[in-house]
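# Fold and contact review
Here is what each chain is made of, one letter per residue.
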Amino acid sequence: MRDEFVYEAQPMRVVFGAGRLPAVADEARRLGLSRALVVSTPGHEKLALRVADLLGERAAGVFAGARMHVPTPIVAAAREAAARLGADGCVAVGGGSAIGLAKALALRDGLPVIAVPTTYAGSEMTPVWGLTEDGVKRTGRDPAVLPRAVVYDPDLTLTLPPALSVTSGFNALAHAAEALYAPDLSPIVALMAEAGARALIESLPRLVEAPADPPARSRALYGAWLCGAVLGATTMSLHHKLCHVLGGTFDLPHAEVHTVVLPHVLAYNAAAAPDATAALSRVLGSPDPATALWDLARALGAPTSLASLGLRESAIPEIVSQVLATPYANPRPPTAPDLTDLLTHAHQGTAPA
Ligand code: NAD
């Protein structure tokens, strides 16, 4: 354990429980919202309409046009809808894409956000925003975009297909894994990261066997909450940097990229981050957590190669140069040859080394 640290709690209010979706109306009342715009992706329009129904006269309308990585034309359309409908707040229903759009409305127009997550991505717990303009994704931190309240209803995740449950779960695990060696780790965050990772590792196999198992869904969403909270509380390292480039510049799918890359980065950092490796070893019941995670991904049918996600091997030098272009924290300083090697393994889907 580190004997020197700074810990700053994020102001977060969480309502958790199966069947708790209707609590969204109480949360809107507590925040004094009288005209909330409900935002979702097109696939979640029905759920968004249900939330608008639950909000009753506190709903201004529904904008079901959210897209992955928050493209600025979509933000412009949502801002126009919010202004036209006189919205004084926003309720985001869905995964990181819907929540990302609500954060953009908070950033641009100061609309307070209530989040109702339906995946394990964890954006609802962070003050991090992202905007994609002309194919370039910018991110930043602003306390204004942190949702004021989050309603976690595991029933909303019963429909997540097994493949997405696994990759979204690995996305959450990545937050815990990198928090455990973050430069700004504190003891309380370490506890949350280990507990969050354990909850996910225990529930993911069950979600593949029985995707609609309520206790497993509840445990996985609990884990995702903790993993999201540690993402919001710490600085991420090489893994998130690589995924940012692979998703932002090469347009690879977010959760799948996290799943493929994580074991390779953990293997790369293992010796330089002994406390984090020990914590993950406890969670995974193996002295080699990187290989244990890679084995788990394969056993659960998740993708294990960047080639299978559509990346061409010829892109590796460009990824390496983008990743090394800006300095960032990492327990083992990355070099171009090391990163080329790591990405080659991840590209081919060979075991982490
Ligand atoms: P997403 O919101 O695009 O959802 C992925 C897919 O799952 C979509 O097709 C969606 O319709 C479907 N889906 C969502 N919930 C479902 C459910 N319950 N049942 C069935 N299908 C469902 O993606 P995501 O993985 O949740 O989030 C990824 C995005 O979030 C990326 O843009 C990423 O950069 C961002 N993100 C941001 C932060 C942050 O702190 N700012 C953190 C994590 C992720």
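If you're wondering where the values come from, they're calculated on a predicted model, not measured in any experiment.

Of all 5 residues that make up strand 3 (residues 59-63), 4 are buried, and the element is covered over most of its length. The pairing of strand 2 (residues 36-39) with strand 3 spans 4 bridges and is classified as parallel. Within strand 3, the residue paired with Ala36 across the bridge is Ala59. For the handedness criterion, the β-α-β arrangement of strand 2, helix 2 (residues 45-55) and strand 3 is classed as right-handed.

Turning to the pattern of salt bridges, a few remarks are in order. Scanning all chains against the criterion turns up 11 salt bridges. When the shortest N-O distance is used, the salt bridge between Glu194 and Arg282 registers 2.8 Å. Within this pair, whereas Glu194 is found in helix 6 (residues 187-209), its partner Arg282 is found in helix 10 (residues 274-284), the two being separated by 88 residues in sequence. Through salt bridges with shared partners, a single ionic network connects Glu194, Arg198 and Arg282.

Before going further, it helps to examine a nonpolar patch on the surface. There is a patch of nonpolar side chains on the surface, built from Phe5, Tyr7 and Ile188 and spanning about 290 Å² of accessible area. Note on placement: Phe5 falls in the segment before strand 1 (14-16). For Phe5, a relative accessible area of 45% puts it in the partly exposed group.

Turning to the nonpolar core, a few remarks are in order. If you look at the biggest cluster of nonpolar residues, it comprises 96 residues, and the most contacted ones within it are Val39, Leu173, Leu242, Leu293, Leu306 and Ile319. Residues lining this core come from more than one domain, with at least three contributed by each of domain 1 (14-157) and domain 2 (162-348). When residues no more than four places from it in sequence are discounted, the contact partners of Ile319 are Leu242, Val245, Leu246, Phe250, Leu311 and Leu343. Membership of the second largest hydrophobic core comes to 21 residues, among which are Ala48, Ala52, Val93 and Ile114.

Here we take up the side chain of Asn330. Along the polypeptide, Asn330 turns up in the loop between helix 12 (316-325) and helix 13 (336-348). A polar contact of 3.3 Å, which involves the side chain of Asn330, links it to the backbone nitrogen of Leu238.

Helix length check: helix 3 (residues 72-85), at 14 residues, gives a terminal C-alpha distance of 20 Å against a target of 20 Å (1.5 Å per residue), a fit within 8%. Where the residues of helix 3 are buried, they touch strand 2, strand 3, helix 4 (96-109) and strand 6 (128-133). Trailing helix 3 by a residue or two, Gly86 shows a phi angle of about 65°, which is positive.

Taken together, the neighbourhood of the ligand is formed by 22 residues, with Ser97, Thr118, Thr119, Thr126 and Lys137 sitting nearest. Within the backbone of Gly96, an N or O atom sits 2.8 Å from an oxygen atom of the ligand. Its free accessible area being 850 Å², the ligand has 81% of it covered by the protein chains. Sorting elements by how many residues they give to the shell around the ligand places helix 4 first, with 3 residues. For the shell around the ligand, the per-class residue count stands at 7 nonpolar, 13 polar and 2 charged. Counting contributing residues, the shell around the ligand receives three or more from each of domain 1 (14-157) and domain 2 (162-348).

Moving on, we come to the domain arrangement of the protein chain. Along its sequence, the protein chain is carved into domain 1 (14-157) and domain 2 (162-348). Contact with domain 1, which involves 19 residues of that partner, is made by 23 residues of domain 2. Run the count over domain 1 and domain 2 and you get 0 salt bridges. Viewed at the interface, domain 2 and domain 1 are joined by 6 residue pairs in polar contact (both at pLDDT 80 or more). Breaking the side of domain 1 that touches domain 2 down by element, the ones donating at least two residues are strand 1 and strand 7 (136-141). It is strand 7 that contributes the most residues to the side of domain 1 that touches domain 2, 3 residues altogether. Taken together, the residues of the side of domain 1 that touches domain 2 break down into 9 nonpolar, 7 polar and 3 charged.

The rules behind the values
- Residues numbered from 1 in each chain as written.
- Predicted model: local features only at pLDDT ≥ 70, side-chain atom pairs only at ≥ 80, totals over all residues.
- Heavy atoms only, no water.
- Buried < 20%, exposed > 50% of the residue type's maximum accessible area, 1.4 Å probe, protein only.
- Helix = DSSP H or I, 4+ residues; strand = E, 2+ residues; numbered from the N terminus.
- Pairing = 2+ DSSP bridges.
- Right-handed = clockwise from strand over helix to strand, strands pointing away.
- Salt bridge = Lys/Arg side-chain N within 4 Å of Asp/Glu carboxyl O.
- Patch = residues over 30% accessible without salt bridge, like charges linked within 9 Å, V, L, I, M, F, W, Y side chains within 5 Å.
- Areas by Shrake-Rupley, 256 points an atom, 1.4 Å probe, with all protein chains shown as cover.
- Core = buried A, V, L, I, M, F, W, Y, C linked by side-chain atoms within 4.5 Å.
- Domains from an automatic or database assignment.
- Contact = heavy atoms within 4.5 Å.
- Polar contact = N/O pair within 3.5 Å; in protein donor to acceptor, adjacent residues only side chain to side chain.
- Expected span 1.5 Å × (residues − 1).
- Near = heavy atom within 4 Å.
- Nonpolar A, V, L, I, M, F, W, Y, C, P; charged D, E, K, R; others polar.

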